[in-house]
Structures are given as structure tokens and as C-alpha cells.
Amino acid sequence: MMKKFFYHGCRLLLAGVFLYAGYLKGVDPVAFAGQVAAYDLLPYAFNYLVAATLPFVELLCGALLLINRRVKPALLVLFALNGVFILALTSLLARGLEIDCGCFHPGGAEGDAATSPQLALLRDLGLMLAILGAWWFKPVNTPEVADD
Amino acid sequence: MNNYLPRSRDLLEALVLILVALAAGLSLNYQLVFKSFAGLNPVVVAQPTVTASDDSVGFPEPVDFEDLERLLNRGYLLIDARAHQAYRNLHLSGALSLPLGEVDTQLADFKTKVPLNTPLILYCNGFGCPDSFDLGMRLLAEGYTRVLVYEGGFPEWRDRGGMLKSGDAP
């Protein structure tokens, strides 16, 4: 019973976070490309490629988690994606760049609305725990396993 | 324990999931991606986030990478509208720093260094970044007469091999 509670809690939390983040980035890919560019990691055109596609990965994974279908593949993708976010934020900290992470403000935010790389890194580590929790606590009799 | 390890089917479905998302993203944003890889400017004109209250205040004209060298040879001065930390890390060679977020505190000092008749080219992070346009409108309102905006900004300049500098000096 407790396992089920944790599983659905983690699943719904992740669904909400990634649907929200994917939607905000997906409606303004140009602004999001600017935020990706601020990380100073990719060549010019590749910032647009990431901005055009990454929100849809988040949206699709969030939707699958919400409807409780193909949960493990969605968690695997989010695990990899979150790993990339953590590496990117770590590189920001290593280079001393204090930019808004662009996670929930695709055009970047200023002042109180901005999320520092340190805070974003903590949040991503928390999301990583939720991903691992959802994976770990996933009951074996959920629909996709029953389909096997 | 096996339940906690990804099965090959999970990995395959994860791959399919990524491919579906990539296809959706590329089909909805194909023009943006195509133009950026073709070296065209995917954004026509960035929208400023502030509106000029005074009708006499103009809107800075955009210029592209091809025009930049010619204009710089004609005496235009580059102004970096990004945060000072980003400027210190790397900036276009010869550019002065005037971050949009610090314009209220730095403008008086800036005006003593840069006369009002100096032609200016502003830039920020490209990709429709509105900071250079917002700063341009502010400088036009302050009396600068010739203000242009390089829309490709720092990322395009860097990726096209333009000369860069780090530190506080232009």
C-alpha cells in the first residue's frame, strides 16, 4: 500500500513538472534557444535544434506518466535527460556563470524570478530522486506489465 | 531484483519515445531548425519587452553579421547588453559592457565615456533576445542618435569565428 502511494506520488509529481516545463518551452522555442545558448555549450544552430525538440520529449514523457502507460521507458528517458541537465548546470557552476537556468522561464528570468544554477541543480537532484523512486516503487501489476 | 533493472524492451521503447518526440518537434519547428542550419536568421525581428511611451523615441534597426564588419570599420561602437559576468567571460572584441539590468546605475558613467553622436551597435544573446532592443530604445530616448542591433548576437559571432576577448577591457 505504502509502495503504491509513493509510486503514484512520484509519477504524478514528475508528470506535472515535465508537462509544465515542456509546455512553457514549447510555446516559445526561440526564447528557449536563447536560454540554451546562454549555457555556451553548443554551436549556434544546435541551440535551435535542442529548443525545437527537447520540449516535446518532456511533454511526451510527462503525458505517459500522467496516464500511467509506458512508465518505465518514460522514466528512462527522463533519467537520461535529467542527467544531461545536471551536467550542464555543473558546467555552469564550474565556469562561474550565474545565469537563470531557463527551466521554467524559457526566455530567462531576472531578479527574484530567476533560478540560480545552484538552486536548479538541487531541484534536478530532487527530480532524480523522484525518478528513481517511481522506478523503485512501481508495482509489478500495473497495466503495462500485465500486458506482457 | 530483476524488476529494478531496465529490460531491453524498456530501452527499445525509450528509444522509440525519443524518436517520436524528435519527429514531432522537428515537424512543428522545421523552419526554425532549417533556417538556423542554413545560416539564415530564423528570427526576423525581436520584439522588445518594453514599449516606448514617447512616440518620438525610435526603434533600433537590426543588422546582420554580413553588415557588421563594414559598420565597425565606419566607426560604430559595439555595446554588450548581457550581464557583466557573461561579458567578463567572453565578449566581442572591442565591445563595451552596458548590461540592461544595470543601465540605471551605469548610464551616467557610460554617457561621460561615449558621446551622444557615437554610432552604436548593441548585441546580447541572439535568438530573439530582447535585451539589446530594450537597451537600444533606452539609449535612443537618452539622446543617442544612431543605434543598431546585431540580432545574431554573441552566439552567432562566436560560431562564425569572430574575434572574442575575455576580461573587463574592451
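Residues numbered from 1 in each chain as written. Chains lettered and ligands numbered in written order. Predicted model: local features only at pLDDT ≥ 70, side-chain atom pairs only at ≥ 80, totals over all residues. Heavy atoms only, no water.

A. Representation of the environment of Gly34 of chain A. Looking at the secondary structure, you find Gly34 of chain A in helix H2 (residues 29-38). For Gly34 of chain A, a relative accessible area of 10% puts it in the buried group. (Helix = DSSP H or I, 4+ residues; strand = E, 2+ residues; numbered from the N terminus. Buried < 20%, exposed > 50% of the residue type's maximum accessible area, 1.4 Å probe, protein only.)

B. Highlighting the packing of aromatic side chains. Under the counting rule described, the total for this entry stands at seven aromatic pairs over all chains. Arranged with centres 6.0 Å apart and planes meeting at 70 degrees, the rings of Phe5 of chain A and Phe6 of chain A form a pair that is edge-to-face. Classification of Phe6 of chain A as partly exposed rests on a relative accessible area of 38%. Taken together, a centroid distance of 5.2 Å and an interplanar angle of 15 degrees make the contact between Phe59 of chain B and Phe133 of chain B stacked. Separated by 74 residues along the polypeptide, Phe59 of chain B in the loop between helix H2 (30-37) and strand E1 (61-63) and Phe133 of chain B in helix H6 (residues 131-141) bring together distant segments of the chain. Taken together, the ring pairs in this structure connect Phe5, Phe6 and Phe137 of chain A into an aromatic cluster. When the ring centre of Trp135 of chain A is taken as origin, the NZ or CZ atom of Lys72 of chain A, which lies over that ring, is 4.6 Å away. Between Arg82 of chain B and the ring centre of Phe154 of chain B, over which it is positioned, the NZ or CZ distance is 4.3 Å. (Phe/Tyr/Trp six-rings, centres within 6.5 Å; stacked < 30°, edge-to-face > 60°. Lys NZ or Arg CZ within 6 Å of the ring centre and 35° of its normal.)

C. The arrangement of a nonpolar patch on the surface in detail. On the surface, Leu12, Leu15, Val16, Ile18, Leu19, Val20, Leu22 and Leu26 of chain B cluster together into a nonpolar patch covering about 650 Å² of accessible area. Position of Leu26 of chain B among the secondary structure elements: in helix H1 (residues 8-28). (Patch = residues over 30% accessible without salt bridge, like charges linked within 9 Å, V, L, I, M, F, W, Y side chains within 5 Å. Areas by Shrake-Rupley, 256 points an atom, 1.4 Å probe, with all protein chains shown as cover. Salt bridge = Lys/Arg side-chain N within 4 Å of Asp/Glu carboxyl O.)

D. Quick look at the interface of chain B and chain A. Contacts between chain B and chain A engage 40 residues on the former and 39 residues on the latter. Between chain B and chain A the total buried area reaches about 3,500 Å² when both faces are included, carbon and sulfur atoms providing 65% of it. In terms of surface lost to chain A, no three residues of chain B exceed Tyr4, Leu17 and Phe127 of chain B, which account for 22% of the buried area on that side. At the junction of chain B with chain A, the criterion picks out two salt bridges. Ionic pairing is found between Arg70 of chain A and Glu13 of chain B, a salt bridge with its closest N-O pair at 3.4 Å. Seen at the junction of chain B and chain A, the total is five residue pairs in polar contact (both at pLDDT 80 or more). (Contact = heavy atoms within 4.5 Å. Buried area = accessible area lost by both parts, 1.4 Å probe. Polar contact = N/O pair within 3.5 Å; in protein donor to acceptor, adjacent residues only side chain to side chain.)

E. Here's a closer look at the domain arrangement of chain B. As assigned here, chain B comprises domain 1 (4-37) and domain 2 (61-165). The C-alpha-based centres of domain 1 of chain B and domain 2 of chain B are spaced at 37 Å. (Domains from an automatic or database assignment.)

F. Examining the side chain of Thr118 of chain B more closely. Residue and element names in this part refer to chain B. Positionally, Thr118 belongs in the loop between helix H5 (103-113) and strand E5 (120-123). There is a polar contact of 2.8 Å between the side chain of Thr118 and the backbone oxygen of Pro115. Not counting the four nearest positions on each side in its chain, Thr118 is found in contact with Leu77, Tyr144 and Arg146.

G. Expanded view of the packing of helix H3 (residues 44-67) of chain A against H2 of chain B. Packing of H3 of chain A against H2 of chain B brings their axes to within 8 Å, and their N-to-C directions diverge by 165 degrees. Comparing the axis directions of H3 of chain A and H2 of chain B gives the class roughly antiparallel. The interaxial crossing formed by H3 of chain A with H2 of chain B has left-handed handedness. Every residue of H2 of chain B that contacts H3 of chain A at Ala45, Phe46, Tyr48, Leu49 and Ala52 of chain A is listed here: Leu32, Val33, Ser36 and Phe37 of chain B. A per-class count over the contact of H3 of chain A with H2 of chain B returns eight nonpolar, one polar and no charged. (Axes fitted to C-alpha atoms, helices over the stretch in contact; angles between N-to-C directions. Parallel < 35°, antiparallel > 145°, perpendicular 65-115°, else oblique. Left-handed = near helix turned anticlockwise from the far one by under 90°. Nonpolar A, V, L, I, M, F, W, Y, C, P; charged D, E, K, R; others polar.)

H. Quick peek at the sheet that holds E1 of chain B. Residue and element names in this part refer to chain B. Strand order in the open sheet formed by five strands is E1-E6-E5-E2-E4, and the pairing between neighbours is parallel. The two strands at the open ends of the sheet, each matched to only one other strand, are E1 and strand E4 (96-97). As defined by bridge partners, strand E2 (residues 77-80) adjoins E4 across two bridges and the pair is classed as parallel. Directly across from Ile79, in E4, lies its bridge partner Leu96. Seen against the sheet, helix H3 (residues 65-73) touches E1, E2, E5 and strand E6 (147-150) and runs at an angle of roughly 100 degrees to E1. (Pairing = 2+ DSSP bridges.)

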